[in-house]
Amino acid sequence: MSDAISKVAEAPDYGLDAPSVVRNLFVGAALGLLLWGLKAFGFWSGLLIFHLFGLKFVIPLALTGLATGAVCGFLGVWMVYDSKLGKLRRRERFLNRIAWTGREQVLDVGCGRGLMLVGAAKRLSTGKATGIDIWQTEDLSDNHAGAALENARREGVAERVDLKTICGACRSPTKHLMWWFLGRRSPTYIKTSNAPRRLAKSPAS
Ligand SMILES: C[S@@+](CC[C@H](N)C(=O)[O-])C[C@H]1O[C@@H](n2cnc3c(N)ncnc32)[C@H](O)[C@@H]1O
């Protein structure tokens, strides 16, 4: 039992994509189901009735609530499933299509918590995987460099991963790609980590 618990605790966590969208979907689902539930338990007719231009309109609000609740709930659950399992499976399928030599220099622009970055690093021997990001938390839950480093450590590739934070002044991915291809260090990078040495002392942020 304690083995299972420590396995879960040590499993990489690549976060929840678009957390506010997921939250809004569940709020929508709850409100929709509440509308329907109030009718189901006899608190109201479930109909919205009004008159306009001498015409009588009857809108089945409870039924609309049920449909909205079901759709929003399904999408919310699907987004959680995709963040926790689906995208990991897709990562493996995608990276397995590449004929790796192990010597590649990989750049992951917008690496977030390191999903693709760590997946690529696992296929390297002498190569290195560099991740750059601005770590927006609206794109990914608890999105920061320390989380990517921690995932690299949990997947046993921390020494093959390097992370850089893009400063606020220049957030254009194309410019970063250009610097990287030229083999030069962009002045807009702030180096946040040199895994795993600094990880033990102070997680990058
Ligand atoms: C949906 S997340 C995906 C993260 C990761 N690649 C994954 O698959 O889990 C998108 C990431 O792109 C980053 N991002 C958005 N705009 C960016 C920019 N202009 N430069 C670098 N990173 C950016 C966000 O901070 C976020 O981490």
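Not measured: the values here are computed from a predicted model. (Residues numbered from 1 in each chain as written. Predicted model: local features only at pLDDT ≥ 70, side-chain atom pairs only at ≥ 80, totals over all residues.)

Novice: It is not clear to me how the overall build of the protein chain should be interpreted in this structure. Could you clarify?
Specialist: In terms of helices and strands, the protein chain carries seven helices and six strands. Order of helices (α) and strands (β) in the protein chain, N terminus to C terminus: α-α-β-β-α-β-α-β-α-β-α-β-α. Sorting the 205 residues of the protein chain into buried and exposed places 28% on the buried side. (Helix = DSSP H or I, 4+ residues; strand = E, 2+ residues; numbered from the N terminus. Buried ≥ 20, exposed ≤ 12 C-beta atoms within 10 Å, placed from the backbone.)

Novice: Please clarify how the nonpolar core should be interpreted in this entry.
Specialist: As a rule of thumb, soluble globular proteins bury nonpolar side chains together. Residues Leu117, Val118, Ala121, Ala148, Ala152 and Val161 are the most contacted members of the largest nonpolar core, which totals 23 residues. Contributions of two or more residues to this core are made by β3 (105–109), α4 (115–121), β4 (128–133), α5 (145–154) and β5 (161–166). Per-element tally for this core: the top contributor is α4, with six residues. Excluding residues within four positions of it along the chain, Ala121 makes contact with Ala129, Ala152, Val157, Arg160 and Val161. (Core = buried A, V, L, I, M, F, W, Y, C linked by C-beta atoms within 7 Å. Contact = placed C-beta atoms within 7 Å.)

Novice: Hey, could you run me through helix α3 (residues 61–96) in this one?
Specialist: Side chains of residues three or four places apart in an α-helix project in the same direction, reflecting 3.6 residues per turn. A rise of 1.5 Å per residue sets the reference length of α3, with its 36 residues, at 52 Å; its end C-alpha atoms lie 49 Å apart and thus fit the reference within 8%. By the burial criterion, the buried members of α3 are Ala62, Gly65, Gly69, Cys72, Gly76 and Ser83. Buried residues belonging to α3 abut α2 (19–40). (Expected span 1.5 Å × (residues − 1).)

Novice: Please explain the pairing of β5 as it appears in this structure.
Specialist: Looking along a regular strand, one sees the side chains alternate between the two faces of the sheet. The buried fraction of β5 amounts to six of the six residues, a majority that puts the element mostly inside the structure. The alternating pattern of β5 places Val161, Leu163 and Thr165 on one face and Asp162, Lys164 and Ile166 on the opposite face, and all of these are buried. Inspection of the sheet shows β4 paired to β5 by five bridges, in the parallel sense. The partner of Ala129 across the bridge, within β5, is Val161. Following the chain from β4 across α5 to the adjacent parallel β5, one finds a crossover that is right-handed. (Pairing = 2+ DSSP bridges. Right-handed = clockwise from strand over helix to strand, strands pointing away.)

Novice: Please clarify how the site of the ligand should be interpreted in this entry.
Specialist: As a matter of local geometry, the ligand sits amid 19 residues, with Gly110, Gly112, Leu115, Gln136 and Asp139 nearest to it. Where the shell around the ligand is concerned, the elements lending two or more residues are α4 and β4. (Near = placed C-beta within 6 Å.)

Novice: Any chance you could explain the environment of Pro12 here in plain terms?
Specialist: Its location among the elements puts Pro12 in the loop between α1 (2–9) and α2. Measuring from C-alpha to C-alpha, the distance between Pro12 and Asn151 comes to 4.9 Å, with 139 residues separating the pair along the chain.

Novice: What exactly am I supposed to notice about the confidence of the model for the protein chain here?
Specialist: Atom-level detail of predicted coordinates should not be read off regions where pLDDT is low. Put simply, the protein chain has an average pLDDT of 86, and 77% of its residues get 70 or more. Summarising per-element confidence for the protein chain, the mean pLDDT is lowest in helix α7 (residues 197–201) (35) and highest in α4 (98). Note that residues 187–205 has pLDDT below 50 and, in this model, 45 contacts with residues that lie over four places away or in other chains. (pLDDT = per-residue confidence, 0-100.)

Novice: Could you clarify how one ought to interpret unusual backbone geometry in this entry?
Specialist: A negative phi angle characterises most non-glycine residues, just as the trans form characterises most peptide bonds. Phi at Phe53 is positive, roughly 50 degrees, even though this residue is not glycine. Its place among the elements puts Phe53 in the loop between β1 (48–52) and β2 (55–59). By C-beta crowding, Phe53 is classed as exposed, having 5 other C-beta atoms within 10 Å. Despite not being glycine, Trp135 has its phi angle at roughly 50 degrees, a positive value. The residue Trp135 is located in the loop between β4 and α5 in this model. Taking the C-beta count within 10 Å as the criterion, Trp135 has 23 such neighbours and is therefore assigned buried.

Novice: Which parts of the structure should I look at to understand the packing of α2 against α3?
Specialist: Each pair of packed helices can be summarised by the angle the axes make with each other and by the distance between the axes. At their nearest, the axes of α2 and α3 sit 7 Å apart, and the two run at 150 degrees to each other. On the basis of their axis angle, the class for α2 and α3 is roughly antiparallel. In this structure, α2 meets α3 at a crossing whose hand is left-handed. Facing Val22, Leu25, Phe26, Gly28, Ala29, Gly32, Leu33, Leu35, Trp36 and Lys39 of α2, the residues of α3 in contact are Leu61, Ala62, Gly65, Leu66, Thr68, Gly69, Cys72, Gly73, Leu75, Gly76, Met79 and Val80. For the contact of α2 with α3, a count of residues per class yields 14 nonpolar, seven polar and one charged. (Axes fitted to C-alpha atoms, helices over the stretch in contact; angles between N-to-C directions. Parallel < 35°, antiparallel > 145°, perpendicular 65-115°, else oblique. Left-handed = near helix turned anticlockwise from the far one by under 90°. Nonpolar A, V, L, I, M, F, W, Y, C, P; charged D, E, K, R; others polar.)

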